[in-house]
Amino acid sequence: MPSETVPIQVVAKCRPLLDAEEKKGCRTIVKMSGDKTALVDPGGKEQNFVFDGSYTAEVKTNQIYRERCEPLLRRAVDGYNVTIIAFGATGSGKTFLMSGTEDEPGIIPCLNRSLFKHIEDLSSKKQFFVSVTFVELLDEQMTDLLNPHNREMKVRHHPQLGIFVDGLSEMVVRSDEDLARLYEQGHRARQMGATDVKAHRERSQGIFSIHIDQKETNSSKVGIKSTISLVDLAGVEGVESNKSLHVITDVIGALGDPKKKGGHVPYRESKVTRLLQESLGGNAVTMIFATISPADMHYKESVLTLQYAIHARNIKNKVEINLDETTHIIAQLREEISHMRDKLANNNNRDDVLKMQDLIHDLKIAKQQTWEEKERSSMQYEEERKQNLANKGILEWVMDTMKKGNRELQEKMLLLQKEKDQLTNQYKEKRKLVDEMKDDLQKRIADYSQLADSGKATDSDTKTRVSAIHQLKERLKQETEVIKDIKRRLKDVQERQRSEREDARSQNMMLKDNAELRQAVEAEERRRIEMENKAMIEEELDRVKLEFANDKAEIQVRVADGKQYTQNESMGLEIALAELKADRSVVTLQLQVHQQEKDRLQQALDDAYKQHKTEMETQQLQHFQVFQQYREMFEEQKAALDKRYRGLLEDAIRDAVFLSTRNNELVQENQAAKQEIAELKDKISMLGGRPSSAGSALS
């Protein structure tokens, strides 16, 4: 396939100034315009940087996604690898940009939704198969965030997969909901894996990968595949102490720094750079978001981020469409294994044996890349991950995505019930039809038998009746298959109903113990009551205005009719008007006081919720640590019991062997004694049974 050279795109993104920074008196040192970003150093001098784009704090994430990431997604659907990297200091907005919130979704949620829209648009021409992996790297140790198992994982190179993590669980997804659910669950598992959240964020790297396989419908053409890698790097402030991040900056410098360009590129010195080898100088269309803080207190981290971003912008990747050559690679590996087997038959060299083992392992991995095998493995991982999350004590917390509401659940249940009722009616109708056809068939067979027994049937009549019976049998067979299909679909709907009911019960139980969800529900209820009160007040104001307009019209009519007000009446009206104005001022002041009190209470409530949430998270982490300690004690005791059991088992086996051996010896001794007794009896018989003779013979 032809390749093209594309530079890495770099975009600067500045987050808003935080309240805490404003209270400390921090000033903004970032200026952005077009593709230019400027930092004001402590001396007041501006440092200018030019990127492919720059976005101020006011720009929403969906605009950034639409302008920068949507074109990359289209390239991924066309078969090119794509990488999006968030690079910056801890607290500079990397995670917010990538993950976002419910109110402002990040790049990853936007991409998840858009991906399946593209797939739906192409579904008439192509078949798609999408799967995901999520790995965290912390101090060169890898964790499978979707399935946190204890098996060893290695970064390896495969002739089909390229550079990948051997042992990482790959989960199949069928919708943007599946994609969002797995990403959120992996993100939650990543949070729960940290005892010191801040230090964890400064040192850990997360790579969420979406693998897209596709092939044309009803075609034998080779399919294409691509990988979207979404990378959240560690905080740039730890570049000196964090080996992985240090190697990343070395790689960026070796590829993009004009002073170092052309030298050795240290991809292999870190696992994360090995995994990002295609993204930095390889076969991937790469976008880097350099996130910075606007506060002067973070000047050092911001300027460091932008300096590395400038070097990254000088890197050029060589990209091409990725063909799915699974069948060809399997055949090639089998041929290499056959040659190696012949070679080992003549010369059993250790290096050749190791190479043979690697080839066999590569063949095993290649066979696992078929859609059917990936589907089967994903189902196994789904069951395994629940057990692994439960073992770590975080299953319920990780699986609670808090996305479904009661209304959505009710709508789903209603739709499922409607589908079940329709299928039940179809089943009853088909069942009735099949019963009638069976009765008709029995009747036709009975009539044919009577006619055949009478001997009056002609050949033509016989053929007609037999043909009708066969046709009826065939129709009956077809309708029976339809009934089986309806029963299968009905069973599937019942299973889905059961699953939704369990989800509903689970969510209701979680709502009782989930402060965050309860806060959201209560806040929504307060907003609802506030809107109702506001509507009631507006309605009352409209009523008062209408009455005022009517009174005003009546007064104008009376004046027009010549009504004259006396001095006392005028004075009374003026006094009443003055009182109303005074009351209005008092009411306005009271409203202001109530609003201030409401804001104060709202702030106090929010602070209380935040404090409670922090305490709950700390408590959860403490519970998790205690659980881990108990589990370690349990494992130690289990190991001691296993050791004791094995010792007892070995003793029992030795005793059993000894007893068996001794039993055989006693059997042999018994047989020898019996033989000796038999011989003595024979001698006694030969002596005629005389005791004296027998006694002399014995002597």
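Residues numbered from 1 in each chain as written. Predicted model: local features only at pLDDT ≥ 70, side-chain atom pairs only at ≥ 80, totals over all residues. Heavy atoms only, no water.

### Comments concerning the pattern of salt bridges
Two side chains with opposite charge may pair up if their charged atoms get near one another. One pass over the full model with this rule turns up 28 salt bridges. With a shortest N-O distance of 3.6 Å, Asp 178 and Arg 181 are connected by a salt bridge. Within this pair, Asp 178 and its partner Arg 181 are both found in helix 5 (residues 176-192), separated by three residues, close to a single helical turn. Among the residues examined, Asp 178 registers a relative accessible area of 19% and is labelled buried. For Arg 181, a relative accessible area of 29% puts it in the partly exposed group. For Arg 662, the salt bridge is made with Glu 665, and the minimal N-O distance between the two is 3.1 Å. Here Glu 665 and Arg 662 lie together in helix 17 (residues 567-686), a separation of three residues that amounts to about one turn. Residue classification places Arg 662 among the partly exposed positions, given a relative accessible area of 33%. Classification of Glu 665 by relative accessible area gives partly exposed; the value is 35%. When salt bridges that share partners are traced, they join Glu 170, Asp 213 and Lys 374 into one network. (Salt bridge = Lys/Arg side-chain N within 4 Å of Asp/Glu carboxyl O. Helix = DSSP H or I, 4+ residues; strand = E, 2+ residues; numbered from the N terminus. Buried < 20%, exposed > 50% of the residue type's maximum accessible area, 1.4 Å probe, protein only.)

### Let's talk about the side chain of Asn 322
Take Asn 322: it is sitting in strand 17 (residues 322-323). Judged by its relative accessible area of 14%, Asn 322 falls in the buried class. Looking at Asn 322, its side chain comes within polar contact range of the main-chain oxygen of Gly 79, at 3.0 Å. (Polar contact = N/O pair within 3.5 Å; in protein donor to acceptor, adjacent residues only side chain to side chain.)

### Re the nonpolar core
Core analysis: the biggest nonpolar cluster contains 49 residues, and Leu 39, Ile 207 and Leu 306 have the highest contact counts within it. Looking at this core, the element that brings in the most residues is helix 7 (residues 243-256), giving seven residues. Not counting residues within four places of it along the chain, the set of residues in contact with Ile 207 comprises Thr 133, Phe 134, Val 135, Leu 137, Leu 230, Val 231, Val 272, Leu 275 and Leu 276. Judged by nonpolar contacts, the second largest core, of 44 residues, contains Ala 76, Leu 145, Tyr 183 and Met 287. (Core = buried A, V, L, I, M, F, W, Y, C linked by side-chain atoms within 4.5 Å. Contact = heavy atoms within 4.5 Å.)

### Points about the packing of aromatic side chains
Counted by the stated rule, this structure contains six aromatic pairs. A ring pair is formed by Phe 129 and Trp 371, whose centres lie 5.3 Å apart and whose planes are at 20°; its orientation type is stacked. Taken together, the residues Phe 129 in strand 8 (residues 126-138) and Trp 371 in helix 12 (residues 371-391) connect sequence positions 242 residues apart. Considered together, Phe 129 and Trp 371 belong to a single accessibility category, that of buried residues. Site record: aromatic cluster; members linked through ring pairs are Phe 134, Tyr 183 and Phe 208. In this arrangement the basic side chain of Arg 75 is found over the ring face of Tyr 80, its NZ or CZ atom lying 4.4 Å from the centre. The ring of Trp 371 has Lys 215 sitting right over it, with the charged end atom 4.4 Å from the ring centre. (Phe/Tyr/Trp six-rings, centres within 6.5 Å; stacked < 30°, edge-to-face > 60°. Lys NZ or Arg CZ within 6 Å of the ring centre and 35° of its normal.)

### Digging into helix 9 (residues 299-313)
A rise of 1.5 Å per residue sets the reference length of helix 9, with its 15 residues, at 21 Å; its end C-alpha atoms lie 21 Å apart and thus fit the reference within 8%. Among all positions in helix 9, only Tyr 299, Ser 302, Val 303, Thr 305, Leu 306, Tyr 308, Ala 309, His 311 and Ala 312 are buried. On its buried side, helix 9 packs onto strand 2 (9-14), strand 4 (36-40), strand 5 (46-50), strand 7 (82-88), helix 7 and strand 15 (285-292). (Expected span 1.5 Å × (residues − 1).)

### Quick word on the sheet that holds strand 3 (residues 30-33)
Spatially, three strands are ordered 3-4-5 in an open sheet, and the strand pairing comes out antiparallel. At either end of the open sheet lies a strand with only one pairing partner, and these are strand 3 and strand 5. Sheet twist, expressed as the average angle between the axes of neighbouring strands with direction ignored, equals 20°. The pairing of strand 4 with strand 5 spans five bridges and is classified as antiparallel. (Pairing = 2+ DSSP bridges. Axes fitted to C-alpha atoms, helices over the stretch in contact; angles between N-to-C directions.)

### Digging into a nonpolar patch on the surface
Among the surface-exposed residues, Tyr 645, Leu 649, Ile 653 and Val 657 lie close enough to one another that they form a single nonpolar patch of about 390 Å² accessible area. Looking at the secondary structure, you find Leu 649 in helix 17. (Patch = residues over 30% accessible without salt bridge, like charges linked within 9 Å, V, L, I, M, F, W, Y side chains within 5 Å. Areas by Shrake-Rupley, 256 points an atom, 1.4 Å probe, with all protein chains shown as cover.)

### Some words on the packing of helix 10 (residues 326-346) against helix 11 (residues 350-367)
Interhelical geometry of helix 10 versus helix 11 gives an angle of 155° and a closest axis separation of 9 Å. By the angle between their axes, helix 10 is roughly antiparallel relative to helix 11. Crossing of helix 10 over helix 11 shows left-handed handedness. Between helix 10 and helix 11, the contacting residues are Thr 326, Ile 330, Leu 333, Arg 334, Glu 336, Ile 337, Met 340, Arg 341, Lys 343 and Leu 344 on the first element and Asp 352, Val 353, Lys 355, Met 356, Leu 359, Ile 360, Asp 362, Leu 363, Ala 366 and Lys 367 on the second. By residue class, the composition of the contact of helix 10 with helix 11 is eleven nonpolar, one polar and eight charged. (Parallel < 35°, antiparallel > 145°, perpendicular 65-115°, else oblique. Left-handed = near helix turned anticlockwise from the far one by under 90°. Nonpolar A, V, L, I, M, F, W, Y, C, P; charged D, E, K, R; others polar.)

### A word on the environment of Thr 143
Within the element layout of this structure, Thr 143 appears in strand 9 (residues 141-144). Contact partners of Thr 143, with chain neighbours within four places excluded, come to Phe 134, Val 135, Glu 136 and Met 153.

### Some words on the packing of helix 2 (residues 61-77) against helix 4 (residues 107-122)
In a packed pair of helices, the relevant descriptors are the angle between the two axes and the axis-to-axis distance. Following both chains from N to C, one finds helix 2 and helix 4 inclined at 45°, their axes separated by 10 Å at the closest point. In terms of orientation, helix 2 lies oblique with respect to helix 4. With respect to the hand of their crossing, helix 2 and helix 4 are arranged in right-handed fashion. On helix 4, the residues touching Thr 61, Tyr 65, Cys 69, Glu 70, Leu 73, Arg 74 and Val 77 of helix 2 are Ile 107, Cys 110, Leu 111, Ser 114, Leu 115, His 118 and Leu 122. Of the residues in the contact of helix 2 with helix 4, the class split is nine nonpolar, three polar and two charged.

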